Structure formats: structure tokens, C-alpha cells
Amino acid sequence: MAGFLIKTFGCQFNELYSATIADALRRGGHQPSDSLGEASLVIINTCAVREKAEEKAFSFLGEAAKLVGASRIVFMGCTATLDRQRAVRIAGRGLNVVEGTAGMEQVLTLVGTVVSLGQVDCTAPRSLFPTADIELIRGCESYCTYCIVPKSRGPEVVVDAGEVLHRAERAIESGFSELLFLGQNINRYRSSLGGLVETMSAVDELDGNFWFWFLSSHPANFTPEELRRVMELRHIEHRLHLPLQSGSDRILERMNRRYTIADYARLVEPIRENADWTLTTDIIVGFPGETDDDFAVTVDAVRGFRFDGVFLAKYSDRPDTPASRMQDKVPPALIDERHSALLSIVQGLSGQSNQVLVGRCVDVLVLAAHAGGNAFGRSIDGRNVWFSCSEPAPGVGTFVNVTIDHGSREGLYGTRVC
Ligand code: SAM
Ligand code: SF4
């Protein structure tokens, strides 16, 4: 039987698709392999959000083509849609290309033409256990001016709430402890039960011991009232990821984000008033036209909102996006300078946020447990937790209480109490 290797770049959607393929391959009797030299099937699941990720995927494709041959490679995801010709030039004519807009069913059909697959199961992939990723919306129609996703993933396709609830129920019944609902702008979700809040409220009514959360929220399509309703749900994790992108209203407008800093501040008020919740964000440094003043107000905003975690990205020109046609690009050296200045602020904030929990007892979902009494998990508000515990070690997917002895910018360290 063929050994298969899956290389995944990019977002949670790609993680979900790769894990679903891996499960179907395992059910078909194929074994995962860590080395290109040993694999007879290679799947490269690509990301085009930044140029660097794209270049890494092409370079991996080149290596794979030398060792495995084009007909045994599946090249999928955003870069596969955007630059099929370059991929074929690198690997050769026999390369199997699946467009980024394809749904899981089409991806599995194509992989099935290369090797035999096991039965497809619509429960969440086992390899992501104990987290069940569940798609609510595929694609994006928010058209941020810097972003390639609307082009590479295509228009929004919504999964009906009935199907979402069915998948959630099956995942809980099969022992998953955490549900993660996905959409590029999940607040645009509309289906038979209403919007996101109504659907999440229905999930909250399901029986079982589980936590859930969702990614990614968009400030222009979320209201403080809706957020308050979500925060009252019994099973919701105490964390919100709400990309801000810039602290400058002028830059937000050029990004077509459709909110101001004042709107964002009103929206996150319920979170910042509640010490049990964390707030994380995405920021792009060096968007075209970003002046020293724009950058300074972004720094102020990051400090002012006291983000518990920030994903910082250097602006990357994406082909044919409106931002790529803007003339006033920020020089790369200045982007680097601003990025490292903001990075040290962000790291300081994460450290402070984690130190606040020293001495407290937190609810933790166990993600890994090792012999010798060391385990790793995630707290209900989304922090990494490394902890010691006596034998027998807690099972992956169980919930434990951990007393925190120490906090760093990476997370929390403590001891299991029960
Ligand atoms: N839909 C989600 C959202 O809007 O937050 C996530 C989508 S995007 C794949 C994830 C993050 O990548 C964005 O929030 C943004 O910060 C970053 N990003 C997208 N395009 C970028 C670009 N051209 N340059 C740098 N960062 C970019
Ligand atoms: Fe890209 Fe904006 Fe859509 Fe997120 S919401 S995927 S940043 S266009």
C-alpha cells in the first residue's frame, strides 16, 4: 500500500480538508509517511494569503516532483487555483490540480482517482481529535482590498444549519470535546435557523460535555448585542478572535473593512468588561499608504484594547487585488522596522495577560499527555497550558482543572488539581 504525505500551508480550512483526506486514506489502508523519499502519494494543500507561503508551496512541489513524479502528486488549495500553469511547469503535465474553490466532495473524488480511498464519513476528521472542525461558510465575499481569498476561494457557499447541527451532534456522540465552526467572515452566516447567533444557540442546546467556538468574526457584520447573546451561551469558550487589521480609520477605509476604530471599541466593550474572556486579533503592518501617524495609532489601539494575542503580518502584495494597484507602497525596510517594534509590544501584552492568571485555577481541555506526568492543553479562554499531573495521565479530550504557577508570553504553566 502507498505511503502518503500531506503538506499543509495556511488556514484552519486547509487543516480541515487535509485531515479529512488523511482519514479517508487511512480507511483505504494507506499509511502516513514523514519523508518524501518514502511517499508514493503527496498532497500539497496550499495558501496564497501571503507571497511567502506561496513560494514555499512551489518549492516543496519542485522537491516532490523530483522524487515522486507528477502523476502521484495532488496540488490543491488557493495557489492551485491562482497559478495552475506555474505548478504544471514545475511538476510536469501529469500533475493533479484541485482548485481552491472545490468542496471536500470534489477533492476526495480527485484523490480517489489517484489511489483507492476508504468510505467517506461526514463526521469530523479523527486526526483533529479532540477538536471537530465544522464548515459553516466556504469562500468569501467581503472583498478586503489586500486579500486574495475572494478570488482564490470564490463566492460564499453556506452549509445549512440542519446539516451543521447534524455534524455537531455526531461529533459529540463520537467523543469529540470541542467544536470549531469555520467561515472566513462567519458573521455573514444566514441559514434555515437565522444567523450565526441563532445557529450557535441551537448548538448550545445539544446534549453532552463539550466546548465550542468559531472563526473568524468580522467587526463590520457583528453587533455588541449579538456578541452579548453569544457570551451567555453555556458551552461557548471564553474567547473572541476579531481581526482589527489597523488602528487607523484612514487605512481601514482603504482596506474596505467597513468599520471605524470607534465601532470596533463599541463592539469589544462586553469582552473588555469581562475579565474571564480573552480578545485576540490580526494586524497587517505596512499596508500601502501607512504613514508614521497611521502606525502610531495602530500601536495605541493594540495597547488600548489590551489584546491577549495578536497575529502580526507584514503586508504582502497579492496579484490583481485593489491594494496591489495602490501606488504608495511602504518600503520593505520600513515594514520590517514597524513589524519588529509592534512585535515586542504584542509579546509584552501576551506575557502580562498570562501572568494575571498566576495563582488561579483554570478549566483546561487536554490535548496531549506524556508519560512521566507532563501534559498539554488549552484553557477555556484559549491559552496554551503546560501542566504536571500524577498518574494515571488524563485522557486526550478530557477536561481538567489546573492551578497556574507561572505565566509567560507563550502560555501558562501549572499543576493539575482534579
Ligand atoms: N477571514 C479571516 C479574517 O478576515 O480575519 C481570515 C482570513 S486571512 C486568510 C487571515 C489574515 O491574513 C487576515 O486577517 C490578514 O491579517 C492576513 N492577510 C490577508 N491578506 C494579507 C496580505 N495581502 N498581506 C498580509 N496579510 C494578509
Ligand atoms: Fe480576506 Fe477579508 Fe474575506 Fe478575511 S474577510 S478572507 S481578510 S476578504
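Residues numbered from 1 in each chain as written. Chains lettered and ligands numbered in written order. Predicted model: local features only at pLDDT ≥ 70, side-chain atom pairs only at ≥ 80, totals over all residues. Heavy atoms only, no water.

Let us look at the pairing of strand β4 (residues 73–77). Of all the five residues making up β4, five are buried; the element is thus mostly covered by neighbouring parts of the structure. Bridge count between strand β3 (residues 41–46) and β4: five bridges; the pairing is parallel. Opposite I44, over in β4, you have F75 as the bridge partner. Here β4 runs beside strand β5 (residues 96–99); their pairing, made up of four bridges, is parallel. Across the sheet, V74 pairs through a bridge with N96, a residue of β5. (Buried < 20%, exposed > 50% of the residue type's maximum accessible area, 1.4 Å probe, protein only. Helix = DSSP H or I, 4+ residues; strand = E, 2+ residues; numbered from the N terminus. Pairing = 2+ DSSP bridges.)

Here we take up the site of ligand 2. In the vicinity of ligand 2, the residues found are C140, S142, Y143, C144, Y146, C147, V149, P150, Q184, H218 and R257. Among the residues making up the shell around ligand 2, the classes are represented as seven nonpolar, three polar and one charged. (Near = heavy atom within 4 Å. Nonpolar A, V, L, I, M, F, W, Y, C, P; charged D, E, K, R; others polar.)

Turning our attention to the pattern of salt bridges. A full pass over the atoms with the stated rule returns 25 salt bridges. Measuring nitrogen to oxygen at the nearest pair gives 3.3 Å for the salt bridge that ties D317 to K329. Here K329 lies in the loop between β15 (309–314) and α13 (332–355) and D317 lies in the loop between β15 and α13, a separation of 12 residues in the sequence. Taking the relative accessible area as the measure of exposure, D317 reaches 33% and is therefore partly exposed. In the salt-bridge network here, residues are joined through shared partners; they are E178, E237, R239 and R378. (Salt bridge = Lys/Arg side-chain N within 4 Å of Asp/Glu carboxyl O.)

Bringing the packing of helix α12 (residues 292–305) against α13 into the picture now. Across the interface, α12 lies against α13 with an axial gap of 10 Å and an inter-helix angle of 10°. Taken together, the axes of α12 and α13 lie roughly parallel to each other. The segment α12 lies against α13, with D292, F295, T298, V299, V302 and R303 engaging R338, A341, L342, I345, V346 and L349. In terms of residue class, the contact of α12 with α13 is made up of eight nonpolar, one polar and three charged. (Axes fitted to C-alpha atoms, helices over the stretch in contact; angles between N-to-C directions. Parallel < 35°, antiparallel > 145°, perpendicular 65-115°, else oblique. Contact = heavy atoms within 4.5 Å.)

The full set close to ligand 1 counts 15 residues, and Q184, P243, Q245, D282 and S316 are the nearest of them. Take Q184: an N or O atom from its main chain is 2.6 Å from a nitrogen atom of ligand 1. Take D282: an N or O atom from its side chain is 2.6 Å from an oxygen atom of ligand 1. Contact with the protein chains hides 88% of the accessible area of ligand 1, taken as 560 Å² for the molecule alone. Where the shell around ligand 1 is concerned, the elements lending two or more residues are β14 (278–285) and β15. Among the residues making up the shell around ligand 1, the classes are represented as six nonpolar, four polar and five charged. (Polar contact = N/O pair within 3.5 Å; in protein donor to acceptor, adjacent residues only side chain to side chain. Areas by Shrake-Rupley, 256 points an atom, 1.4 Å probe, with all protein chains shown as cover.)

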